[in-house]
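Results of the structural survey
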Amino acid sequence: MTDALLVLAIDLVRRAGALILAGRGSAADDVTTKTSPTDVVTAMDRAAERLVVDALHAARPGDGVLGEEGGETQGSGGVRWLIDPIDGTVNYLYGLPAYAVSLAAEVDGVMAVGAVYNPAIDELWTAVRGEGAWLDGRRLGVDRRSGPEVASLDQALVATGFGYGATRRRSQAAVVATLLPEVRDIRRFGAASLDLCSAATGRVDAYFERGLEPWDLAAGGLIASEAGLLVTGLSGAPAGGEMVVAAPPALHAALHDRLVALAADAGP
Ligand code: IPD
Ligand code: CA
């Protein structure tokens, strides 16, 4: 079953990706805001989600769907899809080539399949639970990362992201301000799914963020864990809205423990 789900996921992220890429030039023409004045949604976010949801309903009418822009449709079977039609909407609005369509399928409550597609540079990450993760068909793993092997925090290139609300940002900024002198450097790319895929690939050593929504984490989290990373919350909690820490086993404890000491999962 997961093979069929993966084939469908790949087809849909590619189709939605082609749609948003074609609409990029007019992205600024129809923009509204959601949770804050800087939390934007474009007409293409809605159109891409519509494309995916309609295709899922046609192909697999019994499945549930949770989409960032359209909310939740309950299914009658064990499969639920999670979709972020454009992760990195602000990058999309500005024409920064770091945005992605993220689609994952959960089977009986367990994340089973994930696909993250960046149409701006035509890169596709995929994963199937228990089978592995791939970038454009190339198998990912902790022994085949694109960057150096890093086991200490002071050598680590760490990606993170920030929420849209000013209050949360203030506390996230305080965490990053403390961490910045203690690591190789910090990266803020602006799309959580691509951050997780970058960590999976070794383009950064690790990633953490507080405040992710399920559709931000679903596909990228599976890709990172299938690439051999530990993907957790803090102090035994699972990865989720409170905190996501994704790092190779050799680095995870150091970053995790530092984030615990900074109470990075507390506050607004
Ligand atoms: C956002 C991006 C960003 C992350 C935010 C997300 P959106 O998603 O992934 O990198 O820091 O937490 O909300 O709004 O571009 O879909
Ligand atoms: Ca989005």
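The model shown is predicted, which means the values in this text are computed figures rather than measured ones.

How each quantity is defined
Residues numbered from 1 in each chain as written. Chains lettered and ligands numbered in written order. Predicted model: local features only at pLDDT ≥ 70, side-chain atom pairs only at ≥ 80, totals over all residues. Heavy atoms only, no water. Donors = N, O, S within 2.8 Å, 3.2 Å for Na, K, Ca; no water. Helix = DSSP H or I, 4+ residues; strand = E, 2+ residues; numbered from the N terminus. Buried < 20%, exposed > 50% of the residue type's maximum accessible area, 1.4 Å probe, protein only. Expected span 1.5 Å × (residues − 1). Arc of directions from axis to C-beta. Salt bridge = Lys/Arg side-chain N within 4 Å of Asp/Glu carboxyl O. Phe/Tyr/Trp six-rings, centres within 6.5 Å; stacked < 30°, edge-to-face > 60°. Domains from an automatic or database assignment. Contact = heavy atoms within 4.5 Å. Polar contact = N/O pair within 3.5 Å; in protein donor to acceptor, adjacent residues only side chain to side chain. Nonpolar A, V, L, I, M, F, W, Y, C, P; charged D, E, K, R; others polar. Core = buried A, V, L, I, M, F, W, Y, C linked by side-chain atoms within 4.5 Å. Pairing = 2+ DSSP bridges.

What follows concerns the coordination of the calcium ion (ligand 2). Angles between donor atoms at a metal ideally measure 109.5 degrees for a four-coordinate tetrahedral arrangement and either 90 or 180 degrees for a six-coordinate octahedral one. Listed as protein donors to the calcium ion (ligand 2) are Glu68 (OE), Asp84 (OD), Asp84 (OD) and Ile86 (O); their distances from the metal cover 2.2 to 3.1 Å. Look at where the donors of the calcium ion (ligand 2) fall in the sequence and you get E-x15-D-x1-I. Taken together, the residues Glu68 in the loop between strand 3 (64–67) and strand 4 (71–73) and Ile86 in strand 5 (residues 79–87) connect sequence positions 18 residues apart. When its relative accessible area of 1% is taken as the criterion, Ile86 is described as buried.

Attention now moves to helix 2 (residues 43–59). With 17 residues, helix 2 should reach 24 Å at 1.5 Å per residue; the first-to-last C-alpha distance of 24 Å fits that figure. Within helix 2 the residues assigned to the buried category are Met44, Asp45, Ala48, Glu49, Val52, Val53, Ala55 and Leu56. Along helix 2, the residues classed as buried sweep out an arc of 165° about the axis, all on the same side.

Moving on, we get to the pattern of salt bridges. Following the criterion strictly, the structure yields 10 salt bridges and no others. Here Asp54 makes a salt bridge to Arg50, at a shortest N to O gap of 3.0 Å. Residue Asp54 and its partner Arg50 are located together in helix 2, separated by four residues, close to a single helical turn. Here Asp54 falls in the partly exposed class, since its relative accessible area comes to 41%. Looking at Arg50, the relative accessible area reads 47%, which means it is partly exposed. In this structure, the salt-bridge partner of Arg187 is Asp185, at a minimum N-O distance of 3.3 Å. One network of salt bridges, with partners in common, ties together Glu72, Arg80 and Glu106.

Turning to the packing of aromatic side chains, a few remarks are in order. For the coordinates displayed, the defined rule picks out one aromatic pair. On the numbers, 4.9 Å between centres and 75° between planes, the contact of Tyr92 with Tyr99 is edge-to-face. Here Tyr92 falls in the buried class, since its relative accessible area comes to 0%. Its relative accessible area of 2% is what places Tyr99 among the buried residues.

Domain annotation of the protein identifies domain 1 (2–139) and domain 2 (153–261). Taking only C-alpha atoms, the centre of domain 1 and the centre of domain 2 are 21 Å apart. Facing the 39 residues of domain 1 at the interface are 20 residues of domain 2. The interface formed by domain 1 and domain 2 contains one salt bridge. Taking the shortest distance from any N to any O, the salt bridge between Glu123 and Arg203 comes out at 2.8 Å. The interface formed by domain 1 and domain 2 holds nine residue pairs in polar contact (both at pLDDT 80 or more) in total. Broken down by secondary-structure element, the contributors of at least two residues to the side of domain 1 that touches domain 2 are strand 3, strand 5, helix 3 (89–94), strand 6 (100–107), strand 7 (110–118), strand 8 (123–128) and strand 9 (132–135). Considering every element that reaches the side of domain 1 that touches domain 2, the biggest residue donor is strand 7, with seven residues. For the side of domain 1 that touches domain 2, the per-class residue count stands at 19 nonpolar, 12 polar and eight charged.

Val116, Trp125, Leu140, Leu194, Leu196, Tyr207 and Ile223 are the most contacted members of the largest nonpolar core, which has 35 residues in total. Elements supplying a minimum of two residues to this core: strand 6, strand 7, strand 8, strand 9, strand 11 (157–160), helix 5 (192–201), helix 6 (214–226) and strand 15 (244–247). Here this core takes seven residues from helix 6, the largest share from any one element. Domain assignment of the residues forming this core places at least three in each of domain 1 (2–139) and domain 2 (153–261). Beyond its immediate sequence surroundings of up to four residues, Leu196 is in contact with Tyr207, Asp216, Leu217, Gly220, Gly221, Ala224, Val244 and Ala246. Core analysis: the next-biggest nonpolar cluster, separate from the first, contains 32 residues, Ala48, Ala105, Val107 and Ala112 among them.

Turning to the pairing of strand 7, a few remarks are in order. Here strand 7 lies mainly inside the structure; eight of its nine residues are buried. Note that strand 6 and strand 7 share seven bridges and pair antiparallel. Bridge pairing in strand 7 links Ser102 to Val116. Hairpin connection of strand 6 to strand 7: two residues between the antiparallel strands, including Asp108 at a positive phi of 50°. Here strand 7 folds back onto strand 8 in antiparallel fashion, the turn holding four residues, of which Asp122 has a positive phi close to 50°.

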